[in-house]
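This is what each chain is made of:
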Amino acid sequence: MKEQNKHTNTFKPSLGKGLFLVSLGGGESGVGTAILGKQKGYTVFVSDRGTIAEKFKEVLIKNEIEFEENTHTESKILKADVVMKSPGIPDKVALVQTLKENKIPVISEMEFAAQFTEAKIIGITGSNGKTTTTLLTHHILKNAGLNVGVAGNIGDSFAKQVANFNYENYVLEISSFQLDGIESFNSHIAILTNITPDHLDRYDNDFNKYIESKFRITKNQKTTDYLIYDADNEAITNWLKENKTAAKLLPFSIERELEFGAFIKDNTITINIQKDTFYMPLSSLSIKGKHNTKNAMAATMAAQLLKVRKDAIKESLSNFEGAEHRLENVAKIKDVQYINDSKATNVNATFYALECMDQQTVWIVGGVDKGNDYTDLLPLVREKVRAIVCLGVDNEKIKNTFGNVIDVIVETAGAEEAVKVSHKLAERGDAVLLSPACASFDLFENYEDRGRQFKNAVRNL
């Protein structure tokens, strides 16, 4: 790596001058990185193998940033001093391999943007709960009057916000793909919500490689930093037994009392990481379910470390409205509650959703299978699911797993049809739950598109 490309948090913005930055991917992170790169003096080029969305093209044209779409001009890209790779592009892609063979640094947006901000970073990763924990942490900090931005997999890109704002704190939702592209990036407070098998298609179907990827969030932490983690999660606790991190460990658990950390006692969240113990009755939380209790514990500990008053935290925990597409109540029609959990793109997320159902449920499931094992869901499906409505191109695994448990399994080819069929199958007092346990790319642009189509179909009943 060239000396000027050693990416550290002491990186001087002036070092961008005269260097050639390529953004691979013309989406949110690619365009945000291009904007920040140009501001810091880089010569910038955006290259996307697909079509760049009009809204992003307009931004690139307005900022006079050179770009190409539907191709990668390899001869040009290989002249880069540094390449920011969008998280959707796998490392196995031939172009990425060629870049690495040519010793050209390939980094993530997190790595690039963090060089240009002195803000405290609260970095949040995990297989499930990232979005809710990120939004809840931001909600608490913002309501407490902190100067704080929220980015990562949410809203405007981290790089774009670093270019346009001067936040003193950032709450970042960070995926394993983004963590794979870090070298010096560090979170002052890192939160690891949980680790369960997900995205194994990107990790050679090796769960251990995925675990290692998630733990990159603590790779650069110092003794003055903190790692907040789920002490009930076997993958996390096993890693911590066998590996060291410099960070101070702050565990949370809903299964046992802890000498230090967050736990449940007498139906009350109890956190004893500071001199004054924090108490919050579970009944006062605005978001329900065991998984959300854990999300609240993690967010609360992060806020405490940033010196937010207990009363301010409690107020925010009681009025937080939750994330779109995550157990989102859409409407109640003829005494049937329709719930949008489109963000449940893996089995563990759907497990949480079914666990929260306290009525008989028509379950809409299916999409692009990422190597799912549905057997963990069988006890909940037996207990709570009245009928299954498949929403995917290939539903064989779902039918094979649940065919002996559920009498009614119907295949549909779109959100509108799935909602209409569910409407006919549901009885008064039931819930209709979209919780697909799969990616969405067979029938939809992404999980947001799937969730919005579901909500529109419900409102058109």
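What this report covers is the structure whose coordinates are included nearby. Everything numeric in this text was worked out from a predicted model, so none of it was measured.

Right, let's talk about the overall build of the protein for a bit. Broken down by element type, the protein carries 17 helices and 20 strands. Taken against the 2.2 N^0.38 rule, which gives 23 Å for 461 residues, the C-alpha radius of gyration of the protein at 23 Å falls within 12% of a compact globule. Dimensions along the principal axes, computed over C-alpha positions, put the protein at roughly 65 × 55 × 40 Å. Total accessible area on the protein stands at roughly 20000 Å², and carbon and sulfur atoms take up 46% of it. With 56 positive and 61 negative side-chain charges, the protein shows a spacing of 4 Å between the two charge centroids.

With that settled, the discussion passes to the pattern of salt bridges. In total, this model carries 22 salt bridges according to the counting rule given. Taking the shortest distance from any N to any O, the salt bridge between glutamate 69 and lysine 57 comes out at 2.8 Å. With glutamate 69 in strand E3 (residues 66–69) and lysine 57 in helix H2 (residues 54–62), this residue pair connects regions lying twelve residues apart in the sequence. What makes glutamate 69 partly exposed here is its relative accessible area of 22%. Residue class for lysine 57 comes out buried when judged on its relative accessible area of 13%.

Attention now moves to the packing of helix H1 (residues 28–39) against H2. For the pair H1 and H2, interaxial distance at closest approach is 11 Å and the crossing angle is 10 degrees. If you check the angle between H1 and H2, you find them roughly parallel. Taken together, the residues of H2 that come into contact with H1 (itself represented by Glu28, Val31, Ala34 and Ile35) are Phe56, Val59 and Leu60. Across the contact of H1 with H2, the residue classes break down as six nonpolar, no polar and one charged.

All right, on to the packing of helix H6 (residues 130–143) against helix H11 (residues 290–305) then. Where H6 contacts H11, the two axes come as close as 9 Å, and the packing angle between them is 40 degrees. Taken together, the axes of H6 and H11 are oblique relative to one another. Seen along the crossing, H6 lies across H11 with a hand that is right-handed. On H11, the residues that touch Thr132, Thr133, Leu136, Thr137, Ile140 and Leu141 of H6 are Asn292, Asn295, Ala296, Ala298, Ala299, Ala302 and Ala303.

Read from one edge to the other, the open sheet built from five strands follows the order E3-E2-E1-E4-E5, with strand pairing classed as parallel. Only two strands of the sheet have a single neighbouring strand rather than two, namely E3 and strand E5 (106–107). Alignment of strand E1 (residues 20–24) against strand E2 (residues 43–48), held across five bridges, turns out to be parallel. Across the sheet, serine 23 pairs through a bridge with valine 46, a residue of E2.

A separate point is the nonpolar core. Counting residues in each nonpolar core, the largest one holds 51 residues, and the members touching the most others are Leu36, Tyr42, Phe158, Leu172, Phe185, Ile195 and Phe215. One finds Ile140, Phe278, Ile313 and Phe320 within the second-largest nonpolar core, a separate group that totals 35 residues.

By the criterion of burial, E1 is predominantly enclosed, with five of the five residues buried. On E1, burial covers both faces: Phe20, Val22 and Leu24 on one face and Leu21 and Ser23 on the other are all buried. In the classification by handedness, the crossover that spans E1, the intervening H1 and the parallel E2 is right-handed. Relative to strand E4 (residues 82–85), E1 runs parallel, the two sharing four bridges. Bridge pairing links serine 23 to methionine 84 in E4.

Attention now goes to the pairing of strand E9 (residues 189–192). Of the two faces of E9, the one carrying Ile189 and Ile191 and the one carrying Ala190 and Leu192 are both buried. Sheet topology note: the strand E6 (residues 120–125)/E9 ladder contains four bridges and is parallel. By the bridge assignment, isoleucine 124 is partnered in E9 with isoleucine 191. Pairing of E9 with strand E10 (residues 226–230) involves four bridges; the strand directions are parallel. Of the residues in E10, the one forming a bridge with leucine 192 is tyrosine 229. After leaving E9, the chain enters helix H9 (residues 207–214) and then returns to the sheet as E10, a path that is right-handed.

Both the distance between ring centres and the angle between the ring planes are used here to describe each pair of aromatic rings. Applying the stated criterion across every chain, the model contains eleven aromatic pairs. The lysine or arginine in question, lysine 76, covers the ring of phenylalanine 45, its NZ or CZ lying 4.3 Å from the ring centre.

Reading the values: the criteria
Residues numbered from 1 in each chain as written. Predicted model: local features only at pLDDT ≥ 70, side-chain atom pairs only at ≥ 80, totals over all residues. Heavy atoms only, no water. Helix = DSSP H or I, 4+ residues; strand = E, 2+ residues; numbered from the N terminus. Rg over C-alpha atoms; globule rule 2.2 N^0.38 Å. Areas by Shrake-Rupley, 256 points an atom, 1.4 Å probe, with all protein chains shown as cover. Lys, Arg positive; Asp, Glu negative; His and termini not counted. Charge placed at Lys NZ, Arg CZ, Asp CG, Glu CD. Salt bridge = Lys/Arg side-chain N within 4 Å of Asp/Glu carboxyl O. Buried < 20%, exposed > 50% of the residue type's maximum accessible area, 1.4 Å probe, protein only. Axes fitted to C-alpha atoms, helices over the stretch in contact; angles between N-to-C directions. Parallel < 35°, antiparallel > 145°, perpendicular 65-115°, else oblique. Contact = heavy atoms within 4.5 Å. Nonpolar A, V, L, I, M, F, W, Y, C, P; charged D, E, K, R; others polar. Left-handed = near helix turned anticlockwise from the far one by under 90°. Pairing = 2+ DSSP bridges. Core = buried A, V, L, I, M, F, W, Y, C linked by side-chain atoms within 4.5 Å. Right-handed = clockwise from strand over helix to strand, strands pointing away. Phe/Tyr/Trp six-rings, centres within 6.5 Å; stacked < 30°, edge-to-face > 60°. Lys NZ or Arg CZ within 6 Å of the ring centre and 35° of its normal.

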